[in-house]
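Per-entry structural report
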Amino acid sequence: MEAQPQPPSMLPPPSPIPPPAQPDAPPPLVRVRSTLPLLPHAPIPVDSARLRLRPLCWADLDAIRRLRAEHNVMRWTARGTIDPDEAATRAWLRRYVVADDDQEPPLPSDAGSKIEERPLQQPPPPTPQPPSSYNFAAVLLSNEDKGGSGSGCADDDNDENRGKLLAGVIGCHSVAGSMGWPEVGYMLAQEYWGRGLATEALVAFLAGWAALPRVEIELLVDARTLEPAPAAVIGAGHDHVDTLKAETGDSPSNRDDVANSPPWVDEQLVALIDAANSASRRVLEKCGFEQFAAWGFEEDGGGVGGGEDFSRPHALHAFRLFPGRLTLPAGSVAGAVVSG
């Protein structure tokens, strides 16, 4: 006897389909008045005891390629993986080479090591724009810090030597960072870890950043950068506010429209790190940064470079520093000399 089909009322109910996950609402943006550095066209070099911070150039390409091929370096970056090829490294470096006469070298041809003879197609000159970053190559001044026997200083002004002692990259990679404020970051080749060079480089960068002239602006910032707001956040601004504004009386303390203006807050410099990156946390805290926010997200690292799968929940910690109230570690300022 054939089994009779069950009437519709006896069929098991369909499994409920869960509604699609709703992304977290983005944090609100707040319009504030503050100061930002008046950036020069090219970063101003800074020397510390062991390092020279100087503008990046195309002569650094090979060293940057090696740096961005280190899995243990790149896993802590926003990209999360090594560069897949030289084209990706060139695209990264192209954002930060600012010298007008520093032309990108041609790519090797597919046939071998022969360099393509046809010239690169150059786009029309762009309309001059304010700098969107302030990034440096961190170059060792002495071969001793590379672990070799040399003791003389490298002539980094000579193109033949440029990039040979490049230890890493440091600086403000975005003036309008993901939280509205300038965002600082750094990468250091693994062979130089554990020598205090990251802290030394950050101290030198901060000394140069604080010495830049300031201009008062309005900007939209992530509300989390204002909460919780220490009492000192609401202040009189930066000591280096543009002189012209001070001379014309256009300052936060005596503007006629101050009552109807966005709130005045002290300038901030923000750094975002993976919560598991304890070494970077120590560097930031030694240089005066404070953590003010944290959040988590899922990221698929894909195991690029190391053969491992780093698909796992990540947590980001956000740190900030107030350049107008900068206090560098004892004895560090004397070793940082801003050129120019």
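Here the structure is a predicted model, which is why all the values come from computation and not from measurement. (Residues numbered from 1 in each chain as written. Predicted model: local features only at pLDDT ≥ 70, side-chain atom pairs only at ≥ 80, totals over all residues. Heavy atoms only, no water.)

Moving on to the overall build of the protein. Of the regular secondary structure elements, the protein holds 6 helices and 11 strands. When burial is assessed residue by residue, the protein has 41% of its 340 residues classed as buried. Of the contacts formed within the protein by residues at least 6 apart in sequence, a portion of 77% connects residues at least 24 apart. (Helix = DSSP H or I, 4+ residues; strand = E, 2+ residues; numbered from the N terminus. Buried < 20%, exposed > 50% of the residue type's maximum accessible area, 1.4 Å probe, protein only. Contact = heavy atoms within 4.5 Å.)

This part is about the packing of aromatic side chains. For the coordinates displayed, the defined rule picks out 5 aromatic pairs. Ring plane angle 75° and centroid distance 6.2 Å describe the contact between Phe-136 and Phe-205, whose orientation is recorded as edge-to-face. Placement of the pair is Phe-136 in strand 4 (residues 134-140) and Phe-205 in helix 4 (residues 197-211), with a sequence separation of 69 residues. For the pair formed by Phe-136 and Phe-205, the shared burial category is buried. Every member of this aromatic cluster is reached through a ring pair, and the members are Tyr-134, Phe-136, Phe-205 and Trp-209. Across from the ring centre of Trp-295, 4.3 Å away, lies the NZ or CZ of Arg-224, which sits over that ring. Directly above the ring of Phe-322 sits Arg-325, whose terminal nitrogen or CZ lies 4.0 Å from the centroid. (Phe/Tyr/Trp six-rings, centres within 6.5 Å; stacked < 30°, edge-to-face > 60°. Lys NZ or Arg CZ within 6 Å of the ring centre and 35° of its normal.)

Moving on to the pairing of strand 4. Among the 7 residues in strand 4, 7 count as buried, and that is most of the element. In this structure, strand 3 (residues 51-55) lies alongside strand 4, joined through 5 bridges in antiparallel fashion. Among the inter-strand pairings, Leu-51 is bridged to a residue of strand 4, identified as Leu-140. Looking at chain direction, strand 4 and strand 5 (residues 166-174) are connected through 6 bridges and run antiparallel. Directly across from Ala-138, in strand 5, lies its bridge partner Gly-168. (Pairing = 2+ DSSP bridges.)

Moving on: helix 3 (residues 86-94). Taken residue by residue, helix 3 has Ala-88, Thr-89, Arg-90, Trp-92 and Leu-93 as its buried positions. Elements that come into contact with the buried residues of helix 3 comprise helix 1 (61-67), strand 4, strand 5 and strand 6 (183-188). Sitting at the head of helix 3, Asp-85 places a side-chain oxygen 3.3 Å from the backbone nitrogen of Ala-87. (Polar contact = N/O pair within 3.5 Å; in protein donor to acceptor, adjacent residues only side chain to side chain.)

Once that is clear, we can look at the side chain of Asp-274. For Asp-274, the location among the structural elements is in strand 8 (residues 269-274). Relative accessible area serves as the criterion here: at 7%, Asp-274 is assigned to the buried category. One polar contact links the side chain of Asp-274 to the main-chain amide nitrogen of Ala-276, over a distance of 2.8 Å.

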